[in-house]
Amino acid sequence: MERRLLERNKVSTTVYLSVPGASPVRCRARNLSAMGVFLEIKALGLPAGTVVNLVFAVDLGDTVRLHRRKAVVAHVSERGAGLMMQGRSQVRPMRQRAS
């Protein structure tokens, strides 16, 4: 039974996942909605209910924008983890690309 409130869109975006006191882990977002994301990641080691920090690196051609969100681990499988977003997004430009 599908429990999502919003439809997910297929994506392939770099995401950095971190928890306090640990280094960020790079992974790939494979589907995304305003309320959730599925990340391809091996051996996450975090139980459902864990609050994590996510940084989405979105390539806009000449600029990479960083979208920072807090999320809660909803489920973990051998393919990755489903996370539910919390709060509002913080968006910051990361860098301009050299021409």
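Residues numbered from 1 in each chain as written. Predicted model: local features only at pLDDT ≥ 70, side-chain atom pairs only at ≥ 80, totals over all residues. Heavy atoms only, no water.

*Asks:* Run through the environment of phenylalanine 38, naming residues and quoting values.
*Replies:* Relative to the elements of secondary structure, phenylalanine 38 occurs in strand β3 (residues 36-40). Classification of phenylalanine 38 by relative accessible area gives buried; the value is 8%. Linking phenylalanine 38 and methionine 84, residues 46 residues apart in sequence, is a C-alpha distance of 9.0 Å. (Helix = DSSP H or I, 4+ residues; strand = E, 2+ residues; numbered from the N terminus. Buried < 20%, exposed > 50% of the residue type's maximum accessible area, 1.4 Å probe, protein only.)

*Asks:* So what's going on with the nonpolar core? Which residues, and what values?
*Replies:* Ranked by internal contacts, the top residues of the largest apolar core, which has 17 residues, are Leu17, Val37, Leu39, Val52, Leu54 and Leu83. Sorting the residues of this core by element identifies β1 (9-18), β2 (25-32), β3, β4 (51-59), β5 (63-76) and β6 (80-96) as the ones contributing at least two each. Discounting chain neighbours no more than four positions away, the residues touching leucine 39 are Val15, Leu17, Cys27, Arg28, Ala29, Leu54, Arg79, Gly80, Ala81 and Leu83. (Core = buried A, V, L, I, M, F, W, Y, C linked by side-chain atoms within 4.5 Å. Contact = heavy atoms within 4.5 Å.)

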